[in-house]
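# Secondary and tertiary structure notes
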Amino acid sequence: MSSAIMAPKWQQTSLPRLEMMAYWILSFVSHLYAFYQLHKFSEDHESSLDREVQLERGFLIWGLKKDPTDFEWSFWNEWAWRSLLWSLIGHAMVSRLTAHYLPQYRLAVYMIYGVLSAGWLLGVRGVVLLMLHLSISLAVAQMRSPALSWCCSLLLLSTLNISAVQDLQRGWYGSEEQYFLLLFSTAVCGLRCISFSLELCWSPLEAGGPNHRRSPLQNKGLQPLISQLYKLTAYCFYHPLFYNGPIMTYKDFSEQVERPVYKVSMPYALGGILRLCIWWCLAEMMIHFMYMHAIQGNETYLEVLPPWALGGLALALVQFFFVKYLVLFGTVSLFVKLDGLDSPALPRCVSIMYSFTGMWRHFDVGLYKWLIRCAVCLHGCRGEALHSSQPFPPLCLFCPIWCFWVGSMWVESSGKGCLSKTGPLWPFQCLLSSIASLRLASSGT
């Protein structure tokens, strides 16, 4: 009886090879044609778009102009060439020397290099602000209460939206870009503080077991507190992941940093650099040939776009979003790999995901794992895996928190989840194979 209940409604089977080939060819051709129509529209309206958003002089392809209106791409490109790329190379060199000569001091070297690099880019005031956030989070975590730790972290994150605090922090820097770098660093460090605090709350206390409660004043001396501050600082200021992620939970970081460093072969490193160069060139080609970000910001252009060009605009936005994070996360992941750590998996191509569930699970894998690990404390699971009947309450409570932190980062890709599973696709189901028809039918259950 139980086996009958647990049996799946349909068994997953590979589609016929010819049908798969037909889908790939149709998808590839339709993508290219839609992009071509968007490119033609961009060429026809280049002068008006240039007057509105001031297109930059292109440097990659045949003297074309490029669309600079994607904030994240322009921001991180500028910082990478200015300083971040060189500081990451310096981190890799120091890390390899430490792993060879002083492997027992890896964590200390990571912490010192991370704090110094942050001080170089953010200034002393920026580092002091981050250390203040870390100290407050650690002090509240001594109460061993996940609820208090969550409230403290949310209050600290809420200061990012206080006008008086924003004006004060802007006054520390000579440019808006430096302030935004501090803003990104503070937000990402806030997630790391939550992860560390919750792991501290979940860990068994020195006496009395996990349900025992005692005052922090009963701890013997300051040595445990200093050790925790040292580990938290090393975790939060780990340079490759410091500014923009991807997010790695403290549990994963602490377990991986303690294991011996394995050597990364030169062909692997060169292959990773080559892939990054190809992805970067692909992203630059897209904003040279298609001014999709400038077009999407003007309602007039959206109203006069031909249907194929409008479809190309939607495809170009989500594909650029995907390639952009391949570059951003891929660069960081390569340096993390050189340190002997396993960073979260890179984003999966959005064109092969048919639901927003897959987008959420496989695009920002680090944030997804962080959510699964940290949000369960709202449901009293102490970090254990969620069962199918449990995730609804904690996820409902966490959704406003996630929207508050992430903001508009997912706006460009959220349209993919709005496609109907029935309606316009239903008349074409008769053209599919029996296996594909079963899959389409099952997606609506």
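Note that the structure is predicted; figures quoted are calculated from it, not measured. Position labels on residues start from 1 in each chain and follow its written sequence. The predicted nature of this model means local features are confined to residues of pLDDT at least 70 and side-chain atom pairs, given and counted, to a pLDDT of 80 or more, with totals for whole chains, interfaces and linings taken over all residues. With hydrogens and water set aside, each side-chain value is computed from the structure's full complement of heavy atoms.

This part takes up helix α12 (residues 266-289). Strands here mean DSSP runs of E at least two residues long; helices mean DSSP runs of H or I at least four residues long; both are numbered from the N terminus. In a helix, the anticipated span is given by 1.5 Å times the number of residues less one. Its 24 residues give α12 an end-to-end C-alpha distance of 35 Å, which sits within 8% of 34 Å, the value for a rise of 1.5 Å per residue. Partly exposed describes any residue whose relative accessible area lies between the buried limit of under 20% and the exposed limit of over 50%, with all areas from a 1.4 Å probe on protein chains only and scaled to the type maximum. The complete set of buried residues in α12 reads Ala269, Gly272, Leu276, Trp279, Trp280, Ala283, Glu284, Met286, Ile287 and His288. Those residues of α12 that are buried lie in contact with β2 (65-66), α4 (71-101), α13 (292-296) and α15 (307-338). Contacts between residues were defined by any pair of non-hydrogen atoms, one from each residue, lying within 4.5 Å.

We count a salt bridge whenever a side-chain nitrogen from Lys or Arg sits within 4 Å of a carboxyl oxygen from Asp or Glu. What the rule picks out here adds up to 10 salt bridges. The salt bridge partner of Arg373 is Glu199, with a shortest N-O separation of 2.7 Å. With Arg373 in helix α17 (residues 365-374) and Glu199 in helix α8 (residues 176-202), this residue pair connects regions lying 174 residues apart in the sequence. Where salt bridges share partners, they join Asp70, Glu72 and Lys324 into one cluster.

Okay, unusual backbone geometry next. For the bond running from Gly245 to Pro246, omega is 5 degrees, close enough to zero to count as cis. Counting through the fold element by element, Pro246 comes out in the loop between α10 (239-242) and α11 (250-257). Positive phi is not limited to glycine here, since Gln54 has a value of about 55 degrees. As for its placement among the helices and strands, Gln54 is situated in the loop between α3 (46-53) and β1 (56-57). The residue Arg144 is not glycine, and still its phi comes out positive at about 55 degrees. Note on placement: Arg144 falls in the loop between α5 (106-141) and α6 (146-158).

Once that is clear, we can look at the side chain of Ser42. Mapped onto the secondary structure, Ser42 falls in helix α2 (residues 17-44). Taking relative accessible area as the criterion, Ser42 reaches 1% and is therefore assigned buried. Here a polar contact is recorded for every N or O atom pair within 3.5 Å, except that within protein the pair must consist of a potential hydrogen donor and a potential acceptor, and residues adjacent in sequence are included only if both atoms are side-chain atoms. A polar atom in the side chain of Ser42 sits 3.2 Å from the backbone nitrogen of Tyr291. When sequence neighbours within four positions are dropped, the list of residues in contact with Ser42 reads Phe289, Met290, Tyr291 and Ile295.

Here we come to the state of the cysteines. Cysteine sulfurs are considered disulfide-paired once they come within 2.5 Å of each other. A full pass over the atoms with the stated rule returns 0 disulfides. Unpaired in this structure, Cys236 has its nearest cysteine sulfur neighbour in Cys193, at a distance of 4.2 Å.

The next subject is the confidence of the model for the chain. Looking at the chain, pLDDT values average 79 and 77% of them are 70 or higher. Residue range residues 407-445 is modelled with pLDDT below 50. Its contacts to residues more than four positions away, or to other chains, number 52 contacts. Across the chain, each position has a pLDDT score giving the predictor's confidence in that residue, from 0 to 100.

Before going further, it helps to examine the packing of α4 against α5. Following both chains from N to C, one finds α4 and α5 inclined at 160 degrees, their axes separated by 11 Å at the closest point. In this view, α4 runs roughly antiparallel relative to α5, as classed from their interaxial angle. Crossing angle aside, the handedness with which α4 passes α5 is right-handed. The segment α4 lies against α5, with Trp79, Ser83, Leu84, Ser87, Gly90, His91, Val94, Ser95 and Thr98 engaging Arg106, Val109, Tyr110, Tyr113, Trp120 and Leu121. Counted by class, the contact of α4 with α5 contains 8 nonpolar, 6 polar and 1 charged residues. Axis angles are defined between N-to-C directions and span 0 to 180 degrees, where every axis is a line fitted to C-alpha atoms and, for a helix, only to the segment in contact. The scheme is simple: roughly parallel for angles under 35 degrees, roughly antiparallel for over 145, roughly perpendicular for 65 to 115, oblique for anything else. In this scheme the handedness of a crossing depends on how the near helix is turned from the far one: anticlockwise by less than a right angle means left-handed, clockwise means right-handed. Gly counts as polar in this scheme, as do all residues outside two lists: the nonpolar Ala, Val, Leu, Ile, Met, Phe, Trp, Tyr, Cys and Pro, and the charged Asp, Glu, Lys and Arg.

Right, let's get into the layout of surface pockets. In this analysis, the protein atoms alone were mapped onto a 1 Å grid. Cavities are point sets where a 1.4 Å probe fits without being able to get out; pockets are open sets with protein on both sides within 12 Å along at least five of seven lines; lining residues have an atom within 4 Å of a point. Grid points are joined across faces, edges and corners, and a volume is the space filled by probe spheres set on the points. When its volume is computed, the second largest pocket comes out at roughly 1,000 Å³. Forming the boundary of the second largest pocket are 34 residues, of which Leu85, Leu88, Leu276, Thr331 and Phe335 lie nearest the centre. Considering every element that reaches the lining of the second largest pocket, the biggest residue donor is α4, with 12 residues. Within the lining of the second largest pocket, the residues separate by chemical class into 27 nonpolar, 6 polar and 1 charged.

Among the secondary structure elements, Cys349 is positioned in the loop between α15 and α16 (356-362). Classification of Cys349 as partly exposed rests on a relative accessible area of 23%. For Cys349 and Phe363, which are 14 residues apart along the polypeptide, the C-alpha to C-alpha distance reads 8.0 Å. Leaving out residues up to four positions away in the same chain, Cys349 has contacts with Gln319 and Phe322.

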